Amino acid sequence: MDGKWTSAQVEAVAPDAKALAAARKLVAGTGWSNDGCGGGSAALWGECAGSGKKPYQVCIDLDEPAYKCSCPSRKFPCKHAIALLLRWSEGKVAEQAEPAQFAAEWLKQRTARAEQKEARESAPRTEEQEAASRRRAEARAERVAQGVADLARWLDDQAAGGIAGLGRAGYGVFDDVAARLVDAQAPGLAAAVRRCGSAASSGNGWEERLLGELGLLRLLVSAAERVDELPGPLADTVRSRLGLVPGSDDVLAGTPVRDTWDVLGMRDTQDDTLTARAVWLRGRNTGRPALVLSFAAGNQALPVDLVPGTTLDAGLCFYPGALPLRALVRERYATIQAEEPAPSSVPLPDAFDELAVAIGTDPWLDRYPVVVRAVLRTGTPWRLEGDGVSVPLDRLSTPWDMLAAAGGEACPVVAEWTPNGLFPLAVYAPDGVVAGTRKAAA
């Protein structure tokens, strides 16, 4: 990996503030030994003294990045890995000609697993596997069609009876409908119904917000009822909104888009059982945005292989649709420190012109990345200001760390647009990128 991460980039991969604080206490300590970086690869390693007789062995593959530590922590990366990254970013880890033995063994195992995975993925599927896959797809399509028909009747009932009572009904009525759609294997529709419940319980002005959500839901149901008549890309969009997305193997079998991808920022959202991580990238040459999603249940660790402020030379395969945004990383060629201090930004009005085109292409769009040159302002609500435009932030966002880094000056701000406002993900301040992964309710 060319160039070191900044401390802000290291902070962005920390699982929480507590782990970061614990890591900072280890950075300047004397408990480190046998540490180094390089060794013919983009690797970082070291041993950190703990409470036992044997020190904890820490290994980091900076290209992905990937982490390994012999400590019993369930956090990922653990405080020892974060501390080693911080030491490296501060120039406290020396280059070595060869990695330590424990690091060399780990790197060898990673290479072997990668080769085995590539061999499995390249092996053709048998006729029996193909037939079983078709049967599963047909059975699910039938269940989803029944779920769509049931939802259409429910929406007709709401239109006939009026929505006045929904503002007092609470979440229960929507949760019941959503649960039936989950049973019908249409999770996209279930999520849309739950958004209707949130709108109905959102306070003053709920009527307008609920009508908007119900209108989009009715449009989606109508499109789903005649999906086979729609143009191919639009049909793919409708299927994805229903939750009928192709498998990762099918996506990765497509033609990759190779570019130099700026990792713009990330955001975690959480519901009762699942945490989702959304990482936004943008190609320097193509200019196209890409969304890489990952999920973790319970206390499982989320991947931290895409670090805001870094740049990835890679081939991405996109899920089909009228506005392809979601993607999978198929091939990584190199991860480098961005040569430019920040990705290119545009004035706020230009960003919303681009957003209007995106929504026109996908009317159900609920998130989109923008990189704008603007000033963060506190208030109720917080706002982004620039070029005579003032835009409210999502009410869940209070980015004090980004405000402090920007110092009240205009600078490139990465934000995720949602119907609730802009959610800032990173600020590219003169001293480096400050990014966050604040968790919010899904």
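Before going into details, it helps to say that this report is about the structure given with it. (Residues numbered from 1 in each chain as written. Predicted model: local features only at pLDDT ≥ 70, side-chain atom pairs only at ≥ 80, totals over all residues. Heavy atoms only, no water.)

## Remarks on the overall build of the protein chain
Here comes step 1: Counting secondary structure elements, the protein chain contains 13 helices and 17 strands.
Here comes step 2: With the principal axes as the frame, the protein chain shows a C-alpha extent of 75 × 60 × 45 Å.
Here comes step 3: Sequence separation of at least 24 residues holds for 63% of the intrachain contacts in the protein chain that already meet a minimum separation of 6.
Here comes step 4: Accessible area for the protein chain stands at about 22100 Å²; split by element, carbon and sulfur atoms hold 50% of it.
Here comes step 5: With 49 positive and 57 negative side-chain charges, the protein chain shows a separation of 6 Å between the mean positions of the two kinds. (Helix = DSSP H or I, 4+ residues; strand = E, 2+ residues; numbered from the N terminus. Contact = heavy atoms within 4.5 Å. Areas by Shrake-Rupley, 256 points an atom, 1.4 Å probe, with all protein chains shown as cover. Lys, Arg positive; Asp, Glu negative; His and termini not counted. Charge placed at Lys NZ, Arg CZ, Asp CG, Glu CD.)

## What to know about the nonpolar core
Here comes step 1: In terms of nonpolar packing, the biggest core is built from 41 residues, with Val372, Leu384, Leu422 and Val427 touching the most fellow members.
Here comes step 2: Only helix H1 (7-13), strand E7 (274-283), helix H12 (348-361), strand E11 (368-377), helix H13 (400-406), strand E14 (411-418), strand E15 (421-429) and strand E16 (432-435) provide two or more residues apiece to this core.
Here comes step 3: Here this core takes seven residues from E15, the largest share from any one element.
Here comes step 4: Every residue in contact with Val427, bar those within four places of it in the chain, is listed here: Leu376, Met402, Ala406, Cys411, Pro412, Val413, Gly432, Val433 and Val434. (Core = buried A, V, L, I, M, F, W, Y, C linked by side-chain atoms within 4.5 Å. Buried < 20%, exposed > 50% of the residue type's maximum accessible area, 1.4 Å probe, protein only.)

## With respect to the packing of helix H2 (residues 17-27) against helix H3 (residues 79-89)
Here comes step 1: Running from N to C, H2 and H3 point in directions that differ by 55 degrees, and their axes come no closer than 8 Å. As the angle between them shows, H2 and H3 are arranged oblique. Read as a crossing pair, H2 and H3 show a hand that is right-handed. For the pair H2 and H3, the contacting residues are Ala19, Leu20, Ala22, Ala23, Arg24, Leu26 and Val27 in the first and Lys79, His80, Ile82, Ala83, Leu86 and Arg87 in the second.
Here comes step 2: When the residues that make up the contact of H2 with H3 are grouped by side-chain class, the tally is nine nonpolar, one polar and three charged. (Axes fitted to C-alpha atoms, helices over the stretch in contact; angles between N-to-C directions. Parallel < 35°, antiparallel > 145°, perpendicular 65-115°, else oblique. Left-handed = near helix turned anticlockwise from the far one by under 90°. Nonpolar A, V, L, I, M, F, W, Y, C, P; charged D, E, K, R; others polar.)

## Observations regarding the pairing of strand E6 (residues 257-270)
Here comes step 1: With eleven of its 14 residues buried, E6 lies for the most part within the structure.
Here comes step 2: Here six bridges tie E6 to strand E9 (residues 310-318), and the two strands are oriented antiparallel to one another. By the bridge assignment for E9, Thr260 is matched with Asp313. (Pairing = 2+ DSSP bridges.)

## Thoughts on the sheet that holds E15
Here comes step 1: One open sheet accounts for six strands, arranged E13-E12-E11-E14-E15-E16; its pairing is antiparallel. What marks the edges here is a single partner per strand, and that holds for strand E13 (389-392) and E16. The average angle at which neighbouring strand axes cross in this sheet is 40 degrees, direction not considered.
Here comes step 2: By the bridge criterion, four bridges tie strand E12 (residues 383-386) to E13 in an arrangement that is antiparallel. When the bridges of E13 are listed, Leu384 appears paired with Val391.

## Examining the pairing of strand E3 (residues 56-61)
Here comes step 1: When you tally the buried positions in E3, you get five out of six residues, the bulk of the element.
Here comes step 2: Where strand E2 (residues 43-48) lies against E3, six bridges are found, and the strand directions are antiparallel. Counted as the bridge partner of Leu44 is Ile60 from E3.
Here comes step 3: As paired strands, E3 and strand E4 (residues 66-69) are joined by four bridges and run antiparallel to one another. Considered in E4, the bridge of Asp61 is made with Ala66.
Here comes step 4: A loop of four residues connects E3 with E4, the two strands running antiparallel in sequence.

## Regarding the environment of Arg140
Here comes step 1: Along the polypeptide, Arg140 turns up in helix H5 (residues 127-161).
Here comes step 2: Put simply, Arg140 and Gln185 are 45 residues apart on the chain and 6.8 Å apart in space, counted from C-alpha to C-alpha.
Here comes step 3: The contact partners of Arg140, leaving out residues within four places of it in the chain, are Gln185, Pro187, Gly243 and Leu244.

## A look at the sheet that holds strand E5 (residues 95-96)
Here comes step 1: Read from one edge of the open sheet, five strands run E4-E3-E2-E1-E5, paired in mixed fashion. With one partner strand each, in any of the chains shown, E4 and E5 form the two edges of the open sheet.
Here comes step 2: Contacting strand E1 (32-38), E2, E3 and E4, H3 crosses the sheet at an angle of about 60 degrees to E3.

## A word on the environment of Ser133
Here comes step 1: Its location among the elements puts Ser133 in helix H5.
Here comes step 2: For Ser133, a relative accessible area of 23% corresponds to the partly exposed category.

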